[in-house]
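Report on the structure
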Amino acid sequence: PQSAVEQMSIQTGGMTAEYGNALSGVINVITATGSDNPQLMIRADKDDLFGGTQVNHANELEITLSGPIQKDKLTYFTAHRGIWTQTRWWQDMQRFFNSPHRSDVTGIAKVDWMSAAMRLSAHCIYSYQRWRDYEFSWRFNLDGLPPRKRLSVRPALIWTHTLSKNTYYSITLGYHDLLNKTGSG
């Protein structure tokens with residue numbers, strides 16, 4: 001979700017040792033953390049609010065919630081985004097399938113514990129997609145094309161210890177699981 005991105009940097013050469021053997025470029029995305037004040041943000045978007053035929057009938061909803069669990073020590077941050085849309089060929093697709101033809105739900109949940117020199121962060125990033133493809137040659141039998149699903153989950157635990165103003169180390173334990181499924185069986 002857009003609200004989960006606090007900072008992003010792009011480096012296209014001359015990387016520091018922090019990035020190891022990266023040769024062509026690095027995109028570094030820093031996710032937001034919780035604050036000591038409770039916050040709630042809701043954002044909605046719709047591409048066919050005023051009608052029209054050249055639209056995807058896309059509906060988007062993003063919900064962000066953050067705040068303290070224990071003031072000045074333990075915070076949480078969670079952001080989730082859902083997109084439900086047709087395709088640009090929705091006129092053909094509506095004869096065969098109920099709306100929406102594509103659903104994407106993504107999010108992050110994060111808990112941070114902080115002290116003066118140490119930080120422990122536990123987070124989980126997920127993405128779930130469900131969609132139907134469109135093939136022009138199959139336009140009179142779109143039901144013959146299989147539905148598709150993809151689920152991606154990445155939990156991680158990150159320990160950061162600051163030794164001095166210029167020196168720190170991080171230890172990361174993470175796991176990534178990706179499931180692709182074609183067909184309804």
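First, a word on what this report is: a plain description of the structure on this page. (Residues numbered from 1 in each chain as written. Predicted model: local features only at pLDDT ≥ 70, side-chain atom pairs only at ≥ 80, totals over all residues. Heavy atoms only, no water.)

1. Topic: the overall build of the chain
- Of the regular secondary structure elements, the chain holds 1 helix and 10 strands.
- Listed N to C, the secondary structure of the chain is β-β-β-β-β-α-β-β-β-β-β in terms of helices and strands.
- Here the chain holds 185 residues, and 26% of them are scored as buried.
- The contacts of the chain with a sequence gap of at least 6 include a subset with a gap of at least 24, amounting to 52%.
- When the accessible surface of the chain is totalled, it reaches about 12200 Å², and 56% of it is carbon and sulfur. (Helix = DSSP H or I, 4+ residues; strand = E, 2+ residues; numbered from the N terminus. Buried < 20%, exposed > 50% of the residue type's maximum accessible area, 1.4 Å probe, protein only. Contact = heavy atoms within 4.5 Å. Areas by Shrake-Rupley, 256 points an atom, 1.4 Å probe, with all protein chains shown as cover.)

2. Quick look at the pairing of strand β7 (residues 118–132)
- Where strand β6 (residues 102–114) and β7 come together, 13 bridges link them in antiparallel fashion. Bridge assignment links Gly107 to a residue of β7, and that residue is Tyr126.
- Linking two consecutive strands that pair antiparallel, namely β6 and β7, is a turn of 3 residues.
- Direction of pairing for β7 relative to strand β8 (residues 147–164): antiparallel, over a ladder of 15 bridges. Counted as the bridge partner of Tyr128 is Leu151 from β8. (Pairing = 2+ DSSP bridges.)

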